[in-house]
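Next come the chains, spelled out residue by residue.
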Amino acid sequence: MSKRILIVDDENYIRLLLHRTLEDLEFEGVSIHFAEDGIEGRDMARALKPDLVFLDMMMPGLSGADVCQIIRRDPMLAGTHVIILTAKGQLPDFPPDAAPHEYMTKPFDPDQIVSRAAAVLGIDLDFEL
Amino acid sequence: MGARGPALAGRVYRALAIFAIAAPIVGAIAMWLLVAAGAPPWLAGAALGLVMAGAAGAVGAFFVRRVARPIRQVVRRIEDVAQGRLDGHFDVPEVEDELDALKQSLNEMTAYLLVAREARVDRHFLQNVMDAMPDALVVLDANGVVELANRRFSEQLGLDAEIGAVGQGLGTLVGVRMPPWYRTLLESGVLTREVIGFTPKQGQPISMVTSGALVRDADGKPTWVVLVARDRREIDELNQELRDANSRLADSERFFQNLFDAMDDPITVLAPDGDILQANRAARAMFGGNLVGQKCYRAFRMRDGVCDGCPALETYATRRSTSVEHRVFGNAITRISTYPLLGKNGEIRAIINHKRDVTKERQLEDLKAGFLAGVSHELRTPLTSLMGFNKLNLRRLTRYVQPLLSEAPHKVRVAFQKILDDMQVMETEGARLGRLVNDVLDLSKLEAGKLTLQMGEVDVASLVNGAIAATSALWRDKGLTMACDLPNRMPAAWGDGDRLSQVLVNLLSNAIKFTDTGTIEVTGRVEGNEVRIDVRDSGSGIPPDELPHVFEKFRQVDEMRQGRQNGTGLGLPICRELIRLHEGRIWVDSVLGEGSTFSFTVLRADRLDEFERSIRERPSFVGY
């Protein structure tokens, strides 16, 4: 089964940017999926069991922090790596068992996104970043 | 002068005495020798004469002795008296002769002199006391003739200071020899504030407010009348001064009462036991009616006893001001500040209680913080897209398009390179916009007090090395050298490592920005309870008139217009707020043309206790 990345962000262009940034990975057989808010993100995470989730913090409905907690506390999603994308200084305190694996600050560097994603998914990129 | 008389008498006495002893002895021996030798009888007769003469001399010596000594005593006594030594006395049990009479007379004379001297001393003393009085004072006898008067009385009536009014009668002094008030005084014994017109030597009569008393002798007979008088104009002047002072006091009191009442916030003055001593209009309006005299807990919070955590009591106990915020009636927030009112000796006389409704301020702060968080998010999202796509395109162009252009015409290759350069500018400027958004958010949070520090021990060497590493690209690019001087055993600082790093990186970036050649030097040292870090550059320095403003917001704007760029103008204000939050100090020294040194201090982690003890005091008011 191929590697799956889920991108959860309510901003259209941020989703597009992340898609474009990660498009090189699609050549490596990685499938990229999108959710437009927290609730859809939670549902898709449960259905898709992705290997990697990029999660925006500020979203209507369920916030990124809520979705993060749900994923991290779901035994079925133990293999899912969570990266939170947040503006500087907006990271709330997470309970120790529900914290994201890592977070990146906006505005983010596309190269960094690609290299982190490749590392998490265990993919060797065939180009220099 | 010596005692010539007695000395003379003594010599006569001594000569007579020697003669009286020697003559009979010589006579008797001579007579015996003559009889034995068979001398003629006339010679023996002569010797007998000598014996007789000796006996006569002895009698004479006795009389001289009897008379000369008392005379000597009397002379000595007279000399003593002449020199003022009046103590001493002759014992004269019975007057037997003229000498006794003389001694008795001397005794009487010295006794009289003693009395006279005491009387003179008494009168002199009395005169001095009377002259020292600021009011006019005069003592009259029953007939209204002045016996004594003080200097003030003489002065007021224009009389000679030495002689004064002594001997003058009421007829001269007030124009009537026996005025009715004097008669009344003699009868009733007192005179109370009678206005009497005294006639001075020259000019118009002077109205004097006069009080008096009658002095009687042992038999109850009126002897003296004592009058104390003061010029009526003087009294009027004093009264006027008193009225003026009272009026000024009333004005001042009214002024401060108005000031007190003009305050929109309820302000009360409390006694240490909670009694309300004063309340301004706002306090009366808020808590209803006249608060003065009520207990504060009753008036303010309808309680029957002292409230828990009473700030006034705390101020009373600690002599410090306090400030607490209470949530009252739903969402309203009241801040209560108390200040001690100290007496002259530093004792607490009362406590000022100042209440302020801070509900709106707090709501506004929350709103502002929320707004800024929202705005910064809204700004960051499109910025993220812009920068992300730009970077993505830059990568696609360099990775996929550039290799294809190696064979393209020169013009195309140049155009392509220009595209890459321009996109690089977009990236740099985007990054700067991102920093600006971050700085604005940081500063807003700092100013709203919304930023909390994650305090802990911060290793100074790591802090400095980290900051130097973080800015290495900047100073290496400009060809500057970086020097670092830290003591071997530097105690840890107490602070938020990330924030202190932010400050130091900012100071270093600034130093690098304004230095074209030379060295940037970072120095760490310990100063008392604090750790101090200096960042010195060899740049252009700051003009003296700019120095006080370097920590102000957007102060750098001018510099940016002059071509210096990449700054947001918020770096130093953020540093200042961050260091202030650390309870530290930040400042700058600069010599134009030689460079600037930015310095800051933070607490030593191992000296926190001492800082707690010296917690800053809020003001108190002395002299209530």
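Parameters and conventions
Residues numbered from 1 in each chain as written. Chains lettered and ligands numbered in written order. Predicted model: local features only at pLDDT ≥ 70, side-chain atom pairs only at ≥ 80, totals over all residues. Heavy atoms only, no water. Helix = DSSP H or I, 4+ residues; strand = E, 2+ residues; numbered from the N terminus. Rg over C-alpha atoms; globule rule 2.2 N^0.38 Å. Buried < 20%, exposed > 50% of the residue type's maximum accessible area, 1.4 Å probe, protein only. Contact = heavy atoms within 4.5 Å. Areas by Shrake-Rupley, 256 points an atom, 1.4 Å probe, with all protein chains shown as cover. Lys, Arg positive; Asp, Glu negative; His and termini not counted. Charge placed at Lys NZ, Arg CZ, Asp CG, Glu CD. 1 Å grid on protein atoms, 1.4 Å probe; cavity = no way out; pocket = protein on both sides within 12 Å on 5 of 7 lines; lining within 4 Å. Points joined across faces, edges and corners; volume = space filled by probe spheres on them. Buried area = accessible area lost by both parts, 1.4 Å probe. Salt bridge = Lys/Arg side-chain N within 4 Å of Asp/Glu carboxyl O. Polar contact = N/O pair within 3.5 Å; in protein donor to acceptor, adjacent residues only side chain to side chain. Pairing = 2+ DSSP bridges. Axes fitted to C-alpha atoms, helices over the stretch in contact; angles between N-to-C directions. Arc of directions from axis to C-beta. Parallel < 35°, antiparallel > 145°, perpendicular 65-115°, else oblique. Nonpolar A, V, L, I, M, F, W, Y, C, P; charged D, E, K, R; others polar. Domains from an automatic or database assignment. Left-handed = near helix turned anticlockwise from the far one by under 90°.

Draft legend 1. Fine view of the overall build of chain B. On a plain count of helices and strands, chain B comes out with 18 helices and 18 strands. Rg of the C-alpha trace for chain B: 56 Å, well past the compact-globule value of 25 Å for 624 residues, more than 25% over. Referenced to the eigenvectors of the C-alpha coordinate spread, the extents of chain B come out at roughly 195 × 90 × 55 Å. Expressed as a percentage of the 624 residues in chain B, the buried residues total 37%. The contacts in chain B between residues at least 6 apart in sequence include a share of 56% that link residues at least 24 apart. Only carbon and sulfur atoms are counted for the fraction: they give 57% of the accessible area of chain B, which is about 37,100 Å². On chain B, the mean spot of the 77 positive side-chain charges and the mean spot of the 80 negative ones are 2 Å from each other.

Draft legend 2. Looking closely at empty space enclosed by the protein. Residues and elements named next belong to chain B. Per the counting criterion, the structure on display carries one cavity of 30 Å³ or more. Size it by volume and the largest cavity reaches roughly 30 Å³. Forming the boundary of the largest cavity are Ala369, Leu372, Leu441, Ser444, Lys445, Ala448 and Lys450. Of all the secondary-structure elements, those providing two or more residues to the lining of the largest cavity are helix 11 (359–401) and helix 12 (410–447). Looking at the lining of the largest cavity, the element that brings in the most residues is helix 12, giving three residues.

Draft legend 3. Structural context of the interface of chain B and chain A. On the chain A side, the residues contacting the 21 residues of chain B number 24 residues. Taken over both partners, the interface formed by chain B and chain A buries close to 1,900 Å², and the fraction arising from carbon and sulfur atoms is 57%. On the chain B side of the contact with chain A, His377, Thr384 and Arg395 of chain B bury the most area, a combined 28% of that side's loss. Seen at the junction of chain B and chain A, the total is five salt bridges. Note that Arg395 of chain B and Asp111 of chain A form a salt bridge whose closest N and O atoms lie 2.8 Å from each other. On the surface where chain B and chain A come into contact, there are five residue pairs in polar contact (both at pLDDT 80 or more).

Draft legend 4. Region of interest: the sheet that holds strand 3 (residues 190–198) of chain B. All names here are of chain B. Spatially, 2-1-5-4-3 is the arrangement adopted by the five strands of the open sheet, whose pairing is antiparallel. Strand pairing shows two members of the sheet lacking a second neighbour, strand 2 (146–149) and strand 3, which therefore form its edges. Direction aside, neighbouring strands of the sheet carry axes that sit 25 degrees apart on average. The pairing of strand 1 (residues 136–141) with strand 5 (residues 222–231) spans six bridges and is classified as antiparallel.

Draft legend 5. Just helix 3 (residues 64–73) of chain A, in detail. All names here are of chain A. Considered for burial, the residues of helix 3 that qualify are Gly64, Ala65, Val67, Cys68 and Ile71. Each buried residue of helix 3 lies within a common arc of 160 degrees when the element is viewed along its axis, so the set occupies one face. Looking at the buried residues of helix 3, the elements they touch are helix 2 (38–48), strand 3 (52–56) and strand 4 (81–87).

Draft legend 6. Here's a closer look at the packing of helix 4 (residues 110–121) of chain A against helix 11 of chain B. Close contact between helix 4 of chain A and helix 11 of chain B brings their axes to 9 Å; oriented N to C, the two are set at 75 degrees. Classed by the angle they form, the pair helix 4 of chain A and helix 11 of chain B counts as roughly perpendicular. From helix 4 of chain A, Pro110, Asp111 and Val114 of chain A reach across to helix 11 of chain B, where they touch Gly388, Lys391, Leu392 and Arg395 of chain B. Within the contact of helix 4 of chain A with helix 11 of chain B, the residues separate by chemical class into three nonpolar, one polar and three charged.

Draft legend 7. Just the domain arrangement of chain B, in detail. Here chain B is partitioned into domain 1 (4–82), domain 2 (133–237), domain 3 (264–357), domain 4 (363–443) and domain 5 (452–613). Spacing between the C-alpha centres of domain 2 of chain B and domain 3 of chain B amounts to 60 Å.

Draft legend 8. Main features of the packing of helix 1 (residues 12–26) of chain A against helix 4 of chain A. Residue and element names in this part refer to chain A. For the pair helix 1 and helix 4, the least separation of the axes is 9 Å and the interaxial angle reads 45 degrees. Taken together, the axes of helix 1 and helix 4 lie oblique to each other. The interaxial crossing formed by helix 1 with helix 4 has right-handed handedness. When helix 1 is examined against helix 4, the residues Leu18, Thr21, Leu22 and Leu25 are found in contact with a partner set consisting of Pro110, Ile113, Val114, Ala117 and Ala118. Looking at side-chain class alone, the contact of helix 1 with helix 4 contains eight nonpolar, one polar and no charged residues.

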